[in-house]
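Residue-level structural notes
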Amino acid sequence: MTDTITPYRSTVPAARDGLPALVRAEWTKFRTVRGWVVAAVVALLLMPLFGLLGAAGSHGEVGGGPGGESRAGHRAPPTGPGGEAVNDGPYFVHRPLAGDGTVTVRVTSLTGVVLPLGNGPGGLGGPAGGGPAGPAGVPPTEGGAQPWAKAGILLKESAEPGSAYAAVMVTAAPGVRLQHNFTGDTAGPPGAVTADAPRWLRLTRAGDLLTGYASPDGEAWTTVGTVRLPGLPSSVLAGLFVATPGDETFEQHLGGFESIGEPAAATATFDELDTQGGFAGSDWSGQRIGATGRPGGAPGTGDPLVEGGFDVSRGTFTLTGSGDIAPFVTEGAAAVERTLVGTFATLTVAVVLGVLFIATEYRRGLIRVSVAASPRRGRVLAAKATVIGAITFVLGLVAAAVTVPLGRRLLRDNGNLVLPTDGLTELRVVVGTAALLAVAAVLAVAVGTILRRGAGAAAGVIVLTVLPYVLAVAAVLPAGAAQWLLRITPAAGFAIQQSVVAYPQVGHPYTPVAGYFPLAPWAGFAVLCGWTVLALGLATYLLRRRDA
């Protein structure tokens, strides 16, 4: 007879080493360490503290919101259909158009001059966003048309600055363009306009669809593009326009950059004008958008080069103007991310917390207990990363959600020009800031696991994440080197906070020192995530290979 031995079965339930159980255990560890909890609270307070102090100490000379004028005469730019700040001051010769219609014209020249400082628009004050006009009769400087000087056919919802529009145009350098609602830009045939090489343009309206065409001879036409302007009323203004940005150069120096600019004026000549469709009347009215104009092209008071005007002689229209129609881009404006200067202080605390969350266990030998409770060491690291990432994300979300609206209010109350931001962009900035802090904290956990030393790991993460950003925006490095640094280092993650847009149709130094990242917001954030994934992979490998 063979005895059967029954194996021993413990009555104690087996401990779970699944990720949810490990996350609960790591959360318990965190909340029971008073120093860590205090540090988390400090991290929460640092962002609004630094952000609001910075906003309270910043003073400008712009009144209220868009269009609000200060005592010094400075005013905020109008807001476009998409909610962005815009320049809208072209000289516009128009007639009312009811319903559908077509405008065809030939552009025979586009020239320009640079006006002396104080003799035209120079910043935010003056007519339609320009500076106060200087005394009439000051001779302009011959400088040729600015590269983005433009002239052509404009269809605009109304003469109100910031209203919807579409325009097919020639430019001084890039060639023919179809632009709409300030931010839309479609390239057409290249080449500048000269007396020997004029350009025919045509703009057709069919409901809310507008199509631009170009031709070298008025016979063979090329479609530049079609745009839709939702909600365009039946009655609009259509006609000819001329516009130009100012003459600006930009100088970068240690600690920042400055723009050196003078206003400019452009003159365009048109002939062979033909209008079809629901045009009312036969008289053309001319005005500079955003400034009081007079029918017949007679300028108001001041320098006619600044105020603009037009002349008609034997079917030839000559328009002169000094304002631009384009997105508003200036180094003097405050973007919403300016309120988040405290991110660096909060990130520093988050990094230290992330490092201590793992390095403390190495220092005290508690890592043996953690890996004994769960032989799957990768899960232990994942649980720690989940807890510290969730904590810092929530802290960052609350801090950013409080700081952004309060900081923006303080900046405006102090007379600063704050660029408008649409709701989705602001949401991305707020949530992205929280995600930036969370991923940086997880990176700190990974580096702490790799180095097993608190001070060295924290210093390493801060150097990798913050130092490249400081070197780039402080103009310590040339623009090219700064851009590459913000493409390949974890500091690229700060791009998630950028709300300003680099517009190719606006001349501006789109460099880190001017507040522009070389990567799009989510692309820059992806670089930080890539570094974190690589660090976590190496940390998991070392945690499995090394003796705990």
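Refer to the structure above for everything that follows.
Residues numbered from 1 in each chain as written. Predicted model: local features only at pLDDT ≥ 70, side-chain atom pairs only at ≥ 80, totals over all residues. Heavy atoms only, no water.

The subject of this paragraph is the overall build of the chain. Within the chain, the secondary structure is distributed over 11 helices and 18 strands. Long-range pairs, those at least 24 residues apart, make up 73% of the contacts in the chain between residues at least 6 apart in sequence. When the accessible surface of the chain is split by element, carbon and sulfur atoms take 60% of a total near 23,900 Å². (Helix = DSSP H or I, 4+ residues; strand = E, 2+ residues; numbered from the N terminus. Contact = heavy atoms within 4.5 Å. Areas by Shrake-Rupley, 256 points an atom, 1.4 Å probe, with all protein chains shown as cover.)

Once that is clear, we can look at the pairing of strand β8 (residues 199-206). Note: strand β2 (residues 91-114) against β8, seven bridges, orientation antiparallel. Paired with V107 across the strands is R199, a residue of β8. Between β8 and strand β9 (residues 209-215), which pair antiparallel one after the other, the connecting turn spans two residues, and G207 there sits at a positive phi close to 70°. (Pairing = 2+ DSSP bridges.)

Where strand β14 (residues 264-279) lies against strand β17 (residues 316-321), five bridges are found, and the strand directions are antiparallel. The residue bridging A266 from the neighbouring strand is G321, located in β17. What sits between the antiparallel neighbours strand β16 (residues 309-313) and β17 is a turn of two residues, in which R314 has the positive phi angle 55°.

The next subject is the packing of helix α1 (residues 19-32) against helix α2 (residues 34-56). Where α1 contacts α2, the axes come no closer than 5 Å and their chain directions differ by 80°. One way to sum up the angle between α1 and α2 is to call them roughly perpendicular. Residues K29, F30, R31 and T32 of α1 form the contact with α2, whose participating residues are R34, W36, V37 and A40. (Axes fitted to C-alpha atoms, helices over the stretch in contact; angles between N-to-C directions. Parallel < 35°, antiparallel > 145°, perpendicular 65-115°, else oblique.)

In this section: the packing of helix α7 (residues 423-451) against helix α11 (residues 521-545). In contact at an axis separation of 8 Å, α7 and α11 are set at 25° when each is read in the N-to-C sense. The orientation of α7 with respect to α11, classified from their angle, is roughly parallel. The handedness of the crossing between α7 and α11 comes out as left-handed. Class assignment of the residues belonging to the contact of α7 with α11 gives a composition of 19 nonpolar, two polar and one charged. (Left-handed = near helix turned anticlockwise from the far one by under 90°. Nonpolar A, V, L, I, M, F, W, Y, C, P; charged D, E, K, R; others polar.)

Take the packing of aromatic side chains next. On inspection of all chains with the given rule, the structure shows 13 aromatic pairs. Ring centres of Y91 and F310 lie 6.5 Å apart, and the angle between their planes is 40°; this geometry places the pair in the tilted category. Highlighted residues: Y91 in strand β2 and F310 in strand β16, separated in sequence by 219 residues. Its relative accessible area of 12% is what places F310 among the buried residues. Between the aromatic rings of W522 and F525, the centroid separation amounts to 5.8 Å while the plane-to-plane angle is 85°, which identifies the pairing as edge-to-face. (Phe/Tyr/Trp six-rings, centres within 6.5 Å; stacked < 30°, edge-to-face > 60°. Buried < 20%, exposed > 50% of the residue type's maximum accessible area, 1.4 Å probe, protein only.)

Moving on, we come to the pattern of salt bridges. If you walk through the whole model with that rule in mind, you get nine salt bridges. A salt bridge links D208 to R228; the shortest N-O distance between them is 3.0 Å. In this pair, D208 is assigned in the loop between β8 and β9 and R228 in strand β10 (residues 222-228), connecting sequence segments 20 residues apart. Residue classification places R228 among the partly exposed residues on the basis of a relative accessible area of 48%. Taking the shortest distance from any N to any O, the salt bridge between D413 and R409 comes out at 3.3 Å. A residue pair is termed a helical-turn pair when its members lie 3 or 4 positions apart in one helix, as D413 and R409 do in helix α6 (residues 377-413) at four residues. Here D413 matches R409 in class, with each residue exposed. Residues joined in a network through salt bridges with shared partners are E26, K29 and K384. (Salt bridge = Lys/Arg side-chain N within 4 Å of Asp/Glu carboxyl O.)

Attention shifts here to the environment of V418. Looking at the element boundaries, V418 is found in the loop between α6 and α7. V418 has contacts with A334, R408, L411 and R412, leaving out every residue within four places of it along the chain.

Moving on, we get to the side chain of Q287. On the secondary structure map, Q287 appears in strand β15 (residues 285-288). A distance of 3.1 Å separates a polar atom in the side chain of Q287 from a polar atom in the side chain of H94. (Polar contact = N/O pair within 3.5 Å; in protein donor to acceptor, adjacent residues only side chain to side chain.)

Nonpolar side chains tend to gather and get buried jointly when the protein is soluble and globular. By size, the foremost hydrophobic cluster in this structure holds 63 residues, and its most contacted members are F30, L347, V351, L353, V355, I388 and F494. Those residues in contact with V351 that lie beyond four places of it in its chain are A440, A444, A458, V461 and I462. Counting residues in each nonpolar core, the second largest holds 37 residues, with I153, A268, F270 and L319 among its members. (Core = buried A, V, L, I, M, F, W, Y, C linked by side-chain atoms within 4.5 Å.)

Taken together, the side chains of L49, F50, L53 and V341 present a nonpolar region at the surface, about 380 Å² in accessible area. As for its placement among the helices and strands, L49 is situated in helix α2. A relative accessible area of 45% places L49 in the partly exposed class. (Patch = residues over 30% accessible without salt bridge, like charges linked within 9 Å, V, L, I, M, F, W, Y side chains within 5 Å.)

Listed as buried for helix α10 (residues 479-488) are A482, Q483 and L486. Buried residues of α10, seen end-on, are gathered within an arc of 100° and therefore sit on one face of the element. In this fold, the buried residues of α10 make contact with α9 (467-473). (Arc of directions from axis to C-beta.)

As a further point, take the side chain of N181. Summarising the element assignment, N181 is placed in the loop between β6 (176-180) and β7 (184-187). A distance of 3.0 Å separates a polar side-chain atom of N181 from the backbone nitrogen of Y165. In this structure N181 touches P81, E84, A164, Y165 and L229, once residues within four positions along its chain are discounted.

What follows concerns the environment of A333. Following the sequence through the fold, A333 ends up in the loop between β18 (325-327) and α4 (343-364). Under the relative-accessibility criterion, A333 is labelled buried at 13%. Along the chain, A333 and V418 lie 85 residues apart, while their C-alpha atoms are 5.8 Å from each other. Ignoring anything within four residues of it in the chain, the contact list for A333 reads F328, L417 and L419.

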